[in-house]
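# Observations on the three-dimensional arrangement
Next come the chains, spelled out residue by residue.
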Amino acid sequence: MEERTLERYKRNISRVSAGSLKQLTSTGNVPKGLEYFTNVLKRTFVDFEKDDNEYIGSYCVMVPDEMIYAFGYRPLRLCAGHSVAAMIGDEIVPRDACPVLKATAGFHAMRVMPIYQQCRLAVLPMTCDGKRKSAALLSQYLPVIPLPIEMDKSEERFAQNLQNMHALMKSISKETGRRFSNRKLIESCKSINAAQQEAYKLYGLLSSDNPPVTGSQVMAVLNSYCYDTPESWAQHAKILNAGLSQKAAAMQPLKRKKPRIFIAGSPITFPNYKLPFLMEGLGAQIVGDETCMAGRLLYDPVVPDEYSTDGILRALTARYVCACTCPVFEQTDDRLSSLTEKLRQTKAEGVIYHILRGCTPYDFELSMVEQLADKLDIPVLRVETDFSAEDAEQVKIRLEAFVELIEQRR
Amino acid sequence: MKQRKITAFRIMCLLIAVVVLVFLGSGYRIIILLLSIFSALVFGRLWCGYVCPLGFYQELLSMLRKKLHIPTFHVSLKVKSYLRPLKWIILVYFLTSVLFFGLRPVMYIRPDLSFSSADMSIYKIIIVGIVTGICFLKERAFCKYCPLGTLRGLFNKISFGKIEKDGTACTHCRACLECCPMDIRSIYEERNKSDITHSDCIYCMKCIEACPEQDVLSFTLFGKKILSSKRNIKQVK
Ligand code: SF4
Ligand code: SF4
Ligand code: SF4
Ligand code: SF4
């Protein structure tokens, strides 16, 4: 790519990311301790800071971070949500593929983000068709280890998934020449667990009756975990949670309750917070989400029965595959029950069903979710969009009508 | 990674039971027998989790193994299905021997009884060694085929102690099954029934300790909730 074009892209990426960060902190209601997390995102997406870590990239939520730390690498979630990168990726992946793939390929092709260049290799789980096929595309840029995931959650297939995890460990070891250590694996389980505990508290605060924080802020905090160490993230999340709890205790109950919205569907990744920003701009409160980059990112804990390597791998397989509610699995009951439970816990009054243009697995399950919401008497709005800001006005009009509908139903 | 308070309490019970049975045992055989029958009628296999010395012996073996970070030996599904009738075969063998021949074949397969009897033949030592080895690699391996356990298990369905589950709130994270010493799959898989007490369940409550979802698994006694699962994840030691 030409030097000048590259510079222009770089400026645009910075500008878009900085714009999202600004909006996160411009609500006049910025919680104490949020700055640390926005700075993590700023370092990565605005300043393009280099660090001297070596990364192992991954897609989706099925590649255990614990394992990557056990090899002495840092995990990097490659699923990107950047509109400029998606534009560039448009020329690499098919037009109808989802923008996450476009943006990821775009970032690799552009070579503007230093952390993408610091990836030693990438572990790509074979989930949806797009991700499956993009493994070959990404292998132009860095070594790729595909991780087969059984799409059937039955007991028979569990054994296969466990074997795949064992095989993954061997492949990483072969590719990097590093030995894996049980001690480090236990340590990383411990620190990720601490981070999850804080995340769990944060989810709880967001779903409370009068949340002291906005949904987009929580999404950003959780997303920043992908570019930070669990120790440091947990430490600052603790400060944030303490501040938020205090604030919640001091808050006056609202005279007019904000419409409570739950976001379901395709991943929402920084800086693509178009949907949450629009919702919040219309006076709604996002009370939770089931997306893989926020609401589900740090939800299920790893609970090993014993701490041998096999014991931990079993627990990792259980947490990362069995508990996973991605729409790519054959069985849908896990996702539907977890949605039912979350809608109940968050007392949601409406569901925004987000579909990234090209993400068919989520679109397939829409009708089931609609049926479920119908039973619970909660309206659902399907919003199909991508990372660009072009359709913002149109989306806003639909969201406006939806918010009005919720207020009328009260 | 979670608090193991219930397990700590249970190990205490087992320890006390061993002491009581060893020191008072011989004199109070009838009382112990009656107690054991009564407890089976009312609480099913609760005795297995809190009293039985052989169960305790197996748990000590597993605790040692876990300390040494030696992985559990997991049997494949196919082998498991072949082994399933074994417990009934052993039960029938045990009952016929006791009822018709006045024999106590269980002496030969239960390490605690064998150890306590005076004559230790080579044959016995080998059997005890094999059973110990298997139980070291697989938690409560003997219990899965123990005739006394199978008998008590028949009363689990009418037991006043019940393991209950709130199926919709279960995330299918599998933590309960991974921790269950009796490998009871239905505690993990079941979504519709609320009473999930299985005839193999020894009421060890490990599933309740492991479950990270608030109030999904619980233990009720006479219909009253005594214990329930919580999200109180503690650090690994
Ligand atoms: S929802 Fe889709 S993108 Fe997200 S982790 Fe699952 S398969 Fe991957
Ligand atoms: S199953 Fe048998 S060996 Fe195991 S605890 Fe019960 S009585 Fe004891
Ligand atoms: S079901 Fe629960 S209480 Fe019963 S044996 Fe298994 S872990 Fe123990
Ligand atoms: S541990 Fe709890 S949430 Fe997880 S599968 Fe078992 S019952 Fe369900």
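Here goes a summary of the coordinates provided. (Residues numbered from 1 in each chain as written. Chains lettered and ligands numbered in written order. Predicted model: local features only at pLDDT ≥ 70, side-chain atom pairs only at ≥ 80, totals over all residues. Heavy atoms only, no water.)

## With respect to the side chain of R77 of chain A
All names here are of chain A. Within the secondary structure, R77 sits in strand 2 (residues 74-77). With relative accessibility at 7%, the residue R77 sits in the buried group. A distance of 3.4 Å separates the side chain of R77 from the backbone oxygen of C60, its partner in a polar contact. Among residues more than four places away in sequence, those in contact with R77 are S58, Y59, C60, V61, D65, Y116, C226, Y227, M293 and L297. (Helix = DSSP H or I, 4+ residues; strand = E, 2+ residues; numbered from the N terminus. Buried < 20%, exposed > 50% of the residue type's maximum accessible area, 1.4 Å probe, protein only. Polar contact = N/O pair within 3.5 Å; in protein donor to acceptor, adjacent residues only side chain to side chain. Contact = heavy atoms within 4.5 Å.)

## Brief notes about the interface of chain B and chain A
With 33 residues of chain B at the contact, the number on the chain A side is 32 residues. Taken over both partners, the interface formed by chain B and chain A buries close to 3,100 Å², and the fraction arising from carbon and sulfur atoms is 53%. The interface formed by chain B and chain A holds five salt bridges in total. With its nearest N and O atoms 3.3 Å apart, the salt bridge here joins K66 of chain B to D305 of chain A. At the junction of chain B with chain A, the criterion picks out 13 residue pairs in polar contact (both at pLDDT 80 or more). Mapped onto the side of chain B that touches chain A, the elements with two or more residues apiece are helix 4 (53-67), helix 11 (175-179) and helix 12 (186-189) of chain B. If you tally residues by element for the side of chain B that touches chain A, the top one is helix 11 of chain B, at four residues. Considering only residue class, the side of chain B that touches chain A consists of 14 nonpolar, seven polar and twelve charged. (Buried area = accessible area lost by both parts, 1.4 Å probe. Salt bridge = Lys/Arg side-chain N within 4 Å of Asp/Glu carboxyl O. Nonpolar A, V, L, I, M, F, W, Y, C, P; charged D, E, K, R; others polar.)

## Focus: the site of ligand 1
Around ligand 1, the neighbouring residues are C60, V61, T127, K131, C292, R296, C326, P327 and Y362 of chain A. Taken together, the residues of the shell around ligand 1 sort by class into six nonpolar, one polar and two charged. (Near = heavy atom within 4 Å.)

## So, the sheet that holds strand 2 (residues 217-221) of chain B
Residues and elements named next belong to chain B. Taken in spatial order, the three strands make up an open sheet running 1-2-3, and their pairing is antiparallel. Strand pairing shows two members of the sheet lacking a second neighbour, strand 1 (161-165) and strand 3 (224-228), which therefore form its edges. For this sheet, the mean inter-axis angle between neighbouring strands, taken without regard to orientation, is 30°. As judged from the four bridges shared by strand 2 and strand 3, these two strands associate in the antiparallel manner. Looking at strand 3, one finds that F219 is bridged to L227. (Pairing = 2+ DSSP bridges. Axes fitted to C-alpha atoms, helices over the stretch in contact; angles between N-to-C directions.)

## Notes on the site of ligand 3
Taken together, I163, C180, P181, M182, I184, I187, C201, I202, Y203, C204, M205 and C207 of chain B are the residues near ligand 3. By residue class, the composition of the shell around ligand 3 is twelve nonpolar, no polar and no charged.

## Comments concerning a nonpolar patch on the surface
All names here are of chain B. Taken together, the side chains of M12, I16, V19, V20, V22, F23, L24, Y28, I31 and L35 define a hydrophobic patch exposed on the protein surface, amounting to about 1,000 Å² of accessible area. Of all the secondary-structure elements, those providing two or more residues to the nonpolar patch are helix 1 (5-24) and helix 2 (29-43). The dominant element in the nonpolar patch, judged by the number of residues it contributes, is helix 1, at seven residues. Here V22 lies in helix 1. The exposed category is assigned to V22, whose relative accessible area is 59%. (Patch = residues over 30% accessible without salt bridge, like charges linked within 9 Å, V, L, I, M, F, W, Y side chains within 5 Å. Areas by Shrake-Rupley, 256 points an atom, 1.4 Å probe, with all protein chains shown as cover.)

## Examining the sheet that holds strand 5 (residues 260-265) of chain A
Two modes of strand pairing occur in sheets, parallel and antiparallel, and in both the strands are linked by backbone hydrogen bonds. Residue and element names in this part refer to chain A. The sheet built from four strands is open, its strands ordered 6-5-7-8 with parallel pairing. Because the sheet does not close on itself, it has two edges, and the strands there are strand 6 (285-289) and strand 8 (380-385). Neighbour-to-neighbour, the strand axes of this sheet turn through a mean angle of 30°, independent of strand direction. In the sheet, strand 5 pairs with strand 7 (residues 350-356) via five bridges, with the strands oriented parallel. Across the sheet, residue I261 finds its bridge partner in strand 7, namely G350. Contacts from helix 17 (residues 392-409) reach strand 5, strand 7 and strand 8 within the one sheet, and its direction differs from that of strand 8 by about 170°.

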